[in-house]
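# Tertiary structure, described
The lines below spell out each chain.
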Amino acid sequence: MAKVVAVANQKGGVGKTTTAVNLSSCVAALGKKVLIVDLDPQGNTTSGYGIAKRSVNVGTYEVLIGEAQAKDAIQKTKYRAHVMPSNTRLAGAALELVDMDNRESRLRKALATVSGEYDYIFIDCPPSLDLLTLNSLCACDTVLIPIQCEYYALEGLSELMSTLKTVRKKYNRYLDVEGVVFTMYSGRLNLTIQVVEQVKKFFGSKVYKTTVPRTVRLSEAPSYGQPINFYEPNGKGAEAYMDMALEFLKNNKHD
């Protein structure tokens, strides 16, 4: 059975999709069987793996509303990882799910049918705390939280932790924090150092030693439909995400 990891932060612009795409690609490059589920209606993980959003006929939307099986939505890529893609149709799912039975556990049930084929399943969540994110938190074992080193990141973090507490109580009592990772990192700024200290005080050993620098190449890679370890394999961004993948696998070696 695969370990399911949601990459979540309801604050936008923190490098969540960048982390979901590049970490999953690097874990796959290290020989693990990986599926990444695009649960964001913007479909940026889908295009980040070189899949044209308009060409997606069967994706996470069809799976969530029960029109398709998970196996029928999964696409193989030339980047080793498999992708369950999405597009703007998914935006309507949150509304449609409201009236459905077991609305918060539909993704969990769908992924259970393919879990045996993978070592890890990553879920890229939307930057909000809606029914889509709730489905992700009910389906996952752990949550990886990317944080940008700025003051507002701490505000968003407390909201997310409150949500995790509620989900634990109501739906998924084994839900745990996989880790916290700093993105767009610049060690020269005083604010960065202050935010890092605050987060470490709260999360302790859950904070990843690996940090992701702000680089132009990381921003460029999605427009070429390539994870960073293929777009610029020897660059700082690829090095950071490969280090993160190694740290992730080290943390999970007992699983």
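Data block above holds the structure.
Residues numbered from 1 in each chain as written. Predicted model: local features only at pLDDT ≥ 70, side-chain atom pairs only at ≥ 80, totals over all residues. Heavy atoms only, no water.

### Some words on the overall build of the protein
The secondary structure content of the protein amounts to twelve helices and seven strands. Going through the 255 residues of the protein one by one, you find that 55% of them count as buried. Pairs at least 24 apart in sequence give 79% of the contacts found in the protein among residues at least 6 apart. Carbon and sulfur atoms make up 49% of the accessible area of the protein, which totals about 12,000 Å². Taking the average place of the 31 positive charges on the side chains of the protein and the average place of its 26 negative ones, the gap between the two points comes to 4 Å. (Helix = DSSP H or I, 4+ residues; strand = E, 2+ residues; numbered from the N terminus. Buried < 20%, exposed > 50% of the residue type's maximum accessible area, 1.4 Å probe, protein only. Contact = heavy atoms within 4.5 Å. Areas by Shrake-Rupley, 256 points an atom, 1.4 Å probe, with all protein chains shown as cover. Lys, Arg positive; Asp, Glu negative; His and termini not counted. Charge placed at Lys NZ, Arg CZ, Asp CG, Glu CD.)

### Points about the packing of aromatic side chains
As enumerated under the stated definition, the model contains seven aromatic pairs in all. Among the aromatic residues, ring-to-ring pairing joins Tyr49, Tyr79 and Phe230 into one connected group. (Phe/Tyr/Trp six-rings, centres within 6.5 Å; stacked < 30°, edge-to-face > 60°.)

### Re the sheet that holds strand 1 (residues 3–7)
Here we have seven strands laid out as an open sheet, ordered 3-4-2-5-1-6-7, and mixed in their pairing. The sheet is open, and its two edges are formed by strand 3 (75–76) and strand 7 (176–183), each paired on a single side. The sheet contact formed by strand 6 (residues 142–148) and strand 7 spans seven bridges and is parallel. Looking at strand 7, one finds that Ile145 is bridged to Val180. (Pairing = 2+ DSSP bridges.)

### Examining the nonpolar core
Grouped together as the largest cluster of nonpolar side chains are 52 residues, with contacts concentrated most on Leu35, Met84, Leu111, Ile123, Ile145 and Val199. Sequence-distant contacts of Ile145, that is, excluding residues within four places in its chain, are made with Ala8, Asn9, Leu157, Leu160, Met161, Val177, Gly179, Val180 and Val181. Val5, Tyr49, Val181 and Phe248 belong to the second-largest nonpolar core, a separate cluster that totals 32 residues. (Core = buried A, V, L, I, M, F, W, Y, C linked by side-chain atoms within 4.5 Å.)

### Considering helix 7 (residues 131–139)
Where burial is concerned, most of helix 7 is hidden: nine out of the nine residues are buried. Three or more residues of helix 7 are buried, namely Leu131, Leu132, Thr133, Leu134, Asn135, Ser136, Leu137, Cys138 and Ala139.

### Some words on helix 1 (residues 16–29)
For helix 1, with 14 residues, the first-to-last C-alpha span of 20 Å sits near the 20 Å given by 1.5 Å per residue. Buried within helix 1 are the following residues: Lys16, Thr17, Thr19, Ala20, Val21, Asn22, Leu23, Ser24, Ser25, Cys26, Val27 and Ala28. (Expected span 1.5 Å × (residues − 1).)

### Some words on the pattern of salt bridges
If you walk through the whole model with that rule in mind, you get seven salt bridges. The salt bridge involving Asp124 is made with Lys16; its shortest N-O contact spans 3.0 Å. Of this pair, Asp124 sits in strand 5 (residues 120–124) while Lys16 sits in helix 1; the two residues are 108 residues apart in sequence, bridging distant segments of the chain. Residue class for Lys16 comes out buried when judged on its relative accessible area of 6%. In this structure, Glu62 engages Arg89 in a salt bridge whose closest nitrogen and oxygen atoms are separated by 2.9 Å. In this pair, Glu62 sits in helix 3 (residues 60–64) while Arg89 sits in the loop between strand 4 (82–84) and helix 5 (93–97), placing the two residues 27 residues apart along the sequence. One salt-bridge network, held together by shared partners, links Arg217, Glu220 and Glu232. (Salt bridge = Lys/Arg side-chain N within 4 Å of Asp/Glu carboxyl O.)

### Quick look at unusual backbone geometry
Although it is not a glycine, Arg80 sits at a positive phi angle of roughly 80°. Relative to the helices and strands, Arg80 is located in the loop between strand 3 and strand 4. The class of Arg80 is exposed, set by a relative accessible area of 51%. Even without being a glycine, Asn102 presents a positive backbone phi close to 50°. Positionally, Asn102 belongs in the loop between helix 5 and helix 6 (106–112).

### Focus on the state of the cysteines
Under the definition given, this model contains zero disulfides. Unpaired in terms of disulfides, Cys125 finds its nearest cysteine sulfur in Cys140, a separation of 7.2 Å. With a relative accessible area of 3%, Cys140 lands in the buried category. (Disulfide = S-S within 2.5 Å.)

### Some words on the environment of Ala81
By the element assignment, Ala81 lies in the loop between strand 3 and strand 4. Owing to a relative accessible area of 0%, Ala81 belongs among the buried residues under this scheme. In this structure the C-alpha to C-alpha distance between Ala81 and Arg173, which are 92 residues apart in sequence, comes to 29 Å. Those residues in contact with Ala81 that sit more than four places away from it in its chain are Ala28, Val34 and Tyr49.

### Things to note about a positive patch on the surface
Side chains of Lys200, Lys209, Lys250 and Lys253 sit close together on the surface and give a patch of like positive charge. Considering the arrangement of structural elements, one finds Lys200 in helix 9 (residues 190–203). Residue Lys200 is classed as partly exposed on the basis of its relative accessible area of 47%. (Patch = residues over 30% accessible without salt bridge, like charges linked within 9 Å, V, L, I, M, F, W, Y side chains within 5 Å.)

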